[in-house]
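Below are the chains, spelled out letter by letter.
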Amino acid sequence: MAPGSPRVRARILGLGLALTACLSVPAPAGAAAPAASPPAAAGTSSVAALTAEELRLDRAVPREILAASGFDAVAPELARRLGTAHSYAQARRVVVGEGSALWRRAVDRAQGRGPAGGELSRDDDRPLYWARLAMSRQVREWNPGFGLAEAQRAALVGDLERTSRGQADLRHPPGAKGLKRVLVTGFDPFTLDRDVRISNPSGASALALDGTVIETAQGPARIETAVFPVRWRDFAEGTVERTLRSYLRQVDLFTTVSQGRVGRFDVERTNGAWRGGFPDNENVSRTETVPVADPSSQPQWTTTTLPYREIVAADTGRFPVYDNTSVTEIPAGGTAPVVRPDGPTAGSTARAGGGGDYLSNEIAYRATLLRDRLGLREALPGGHVHTPVLQFGAGNTDPATGTVTDPEFVRNRLDIIAQVRAIVAVAVSGAAG
């Protein structure tokens, strides 16, 4: 869900391209929720202010997407169940249960299990996104009689985020001899004020691939997935590291995935430690060095360990796949950014990785930095893949007059999902070889 090339690519990215998270606050990746409950404050809060994302639910398109998938019943059910909670502990159980159920329902729908719930195609990632926001809006607006502290409400929203994104469900069944283990991550839709109809093929790929087994030249591989938000603050608060820290030691390969440029896949060779400031889904900008734990040992660049040569050479689908080596840097001793088509030079300061300077570059940087800090660089193939931009069909490009879906839109998304699956299979085989 992120950028394109250098500085300009990062901007393109924000406009419809890419989107694709401080090695602090470690917690078990498989934990369903935090171990300790925040203490109730002396003064409890009333309803919390809604976020920019939640306010977009008032528009017609999100309501149509929810109704056309049957996911419009999710938030009312959460509200009903919260109404039966008489304590924070009970409320937390409700939120964790309903969040987990939303993730399972979205995965099942994408993989053809259970009712479609409406005419929206099953491969669509948008019902999950808008249903999650409708649920978090219910939590923010809920004002129980027993009183709810601000910290408790925030913790409930955090529980909902983790469980409904698959982040608390990353686990492979034990005892599967010879089965390769793969982690794939995707992103929410973004740039929604430009076009609120937008879908993100990386998130759709995560739903389609979660828990599936694919055949590779090295034997079967089981894929586990999770989806991340397009919000600077979540990344600064450690959502990527908190989710992946313990899990990276268990897998044979990982790739973060996001939406990139029109008409092509990119395997990003180098990731940079810089945030370029493009607004996120909360309309917040951040222009700074990527904030991580122990910044004194923070590198300006990290690199992929995916078998990019094999991926680029393989016939994985209708979109061409490129080994993208370009970055933007401030050379050692210099002051102005320079585009380097062949990667960074010694001692330079990052201004954009191959994936730009938005959150797709940042998840790639954080995940590969975590890999390296865990001592897994030589042992664990991992990196970032950008998908093509998911485009609507001809005649349906104007968000003011267009429909929420069309046959070409669905075909494009299905082709991207299929090619992500094929790229993962090639990566597993290439890494093992």
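Residues numbered from 1 in each chain as written. Predicted model: local features only at pLDDT ≥ 70, side-chain atom pairs only at ≥ 80, totals over all residues. Heavy atoms only, no water.

**Student:** Help me understand the overall build of the chain, please; the structure alone is not making it clear to me.
**Tutor:** Across its full length, the chain carries 13 helices and 14 strands. In the chain, which comprises 433 residues, the proportion classed as buried is 59%. (Helix = DSSP H or I, 4+ residues; strand = E, 2+ residues; numbered from the N terminus. Buried < 20%, exposed > 50% of the residue type's maximum accessible area, 1.4 Å probe, protein only.)

**Student:** Would you mind showing me how to read the pattern of salt bridges here?
**Tutor:** Pairs can form between side chains of opposite charge once their charged atoms are near each other. Under the definition given, this model contains 37 salt bridges. Close ionic contact of Arg 377 with Glu 378 constitutes a salt bridge, the shortest N to O distance being 3.5 Å. Put simply, Glu 53, Arg 132, Glu 161, Arg 165, Asp 188, Arg 231, Arg 233, Asp 234 and Glu 282 are held in one network by salt bridges that share partners. (Salt bridge = Lys/Arg side-chain N within 4 Å of Asp/Glu carboxyl O.)

**Student:** Which parts of the structure should I look at to understand the sheet that holds strand E13 (residues 349-352)?
**Tutor:** To summarise the sheet geometry, strands pair through backbone hydrogen bonds and adopt either a parallel or an antiparallel arrangement. Pairing within the open sheet is antiparallel, and its three strands lie in the order E12-E11-E13. The outermost strands of the open sheet, each flanked by one partner alone, are strand E12 (338-340) and E13. Taken over all neighbouring pairs, the strand axes of this sheet differ in orientation by 45 degrees on average, direction set aside. (Pairing = 2+ DSSP bridges. Axes fitted to C-alpha atoms, helices over the stretch in contact; angles between N-to-C directions.)

**Student:** Mind showing me how you'd approach the packing of helix H5 (residues 88-110) against helix H7 (residues 150-164) here?
**Tutor:** Geometry of a packed helix pair, given as the angle between the helix axes and the separation of the axes. Contact geometry of H5 with H7 gives a least axis separation of 7 Å together with a crossing angle of 25 degrees. Classified by the interaxial angle, the pair formed by H5 and H7 is roughly parallel. The interaxial crossing formed by H5 with H7 has right-handed handedness. Of the residues in H7, those in contact with Tyr 88, Ala 91, Arg 92, Val 95, Val 96, Gly 99, Ser 100, Leu 102 and Trp 103 of H5 are Gln 152, Ala 155, Leu 156, Asp 159, Leu 160, Thr 163 and Ser 164. Residues that form the contact of H5 with H7 fall into these classes: nine nonpolar, five polar and two charged. (Parallel < 35°, antiparallel > 145°, perpendicular 65-115°, else oblique. Left-handed = near helix turned anticlockwise from the far one by under 90°. Contact = heavy atoms within 4.5 Å. Nonpolar A, V, L, I, M, F, W, Y, C, P; charged D, E, K, R; others polar.)

**Student:** Would you mind showing me how to read the pairing of strand E3 (residues 219-228) here?
**Tutor:** Regular strands place their side chains on alternate faces of the sheet. Counting buried residues along E3, nine of its 10 residues qualify, which places the element largely inside the surrounding structure. Where strand E1 (residues 180-187) meets E3, eight bridges bridge the pair, whose relative direction is parallel. Bridge assignment links Arg 181 to a residue of E3, and that residue is Arg 222. Here strand E2 (residues 213-216) runs beside E3; their pairing, made up of four bridges, is antiparallel. By the bridge assignment for E3, Glu 215 is matched with Pro 220. Hairpin connection of E2 to E3: two residues between the antiparallel strands.

**Student:** Help me understand the packing of aromatic side chains in this model?
**Tutor:** The way to describe two aromatic rings as a pair is by their centre distance and the angle between their planes. Overall, the coordinates contain nine aromatic pairs when judged by the stated rule. When the centroid spacing of 4.9 Å and the interplanar angle of 75 degrees are considered together, the rings of Tyr 129 and Trp 130 count as edge-to-face. Taken individually, Tyr 129 and Trp 130 each receive the classification buried, so the pair is uniform in this respect. An aromatic cluster of at least three residues, connected via ring pairs, comprises Phe 190, Trp 232, Phe 278 and Tyr 358. Between the NZ or CZ atom of Arg 105 and the centre of the ring of Phe 71, over which it lies, the distance is 4.5 Å. Above the ring of Trp 274, the side-chain terminus of Arg 351 is found at 3.6 Å from the ring centroid. (Phe/Tyr/Trp six-rings, centres within 6.5 Å; stacked < 30°, edge-to-face > 60°. Lys NZ or Arg CZ within 6 Å of the ring centre and 35° of its normal.)

**Student:** Explanation requested: the sheet that holds E3 in the structure shown.
**Tutor:** The mixed open sheet is built from seven strands, whose spatial order is E2-E3-E1-E4-E14-E5-E10. In the strand order of this sheet, the two ends are held by E2 and strand E10 (321-324), each with one partner. The average angle at which neighbouring strand axes cross in this sheet is 30 degrees, direction not considered. As paired elements, strand E4 (residues 253-259) and strand E14 (residues 382-387) share six bridges and run parallel to each other. Bridge pairing links Thr 256 to His 384 in E14. Where helix H13 (residues 407-432) meets the sheet, its contacts fall on E1, E2, E3, E4, strand E5 (265-268), E10 and E14, and the angle it forms with E2 comes to roughly 55 degrees.

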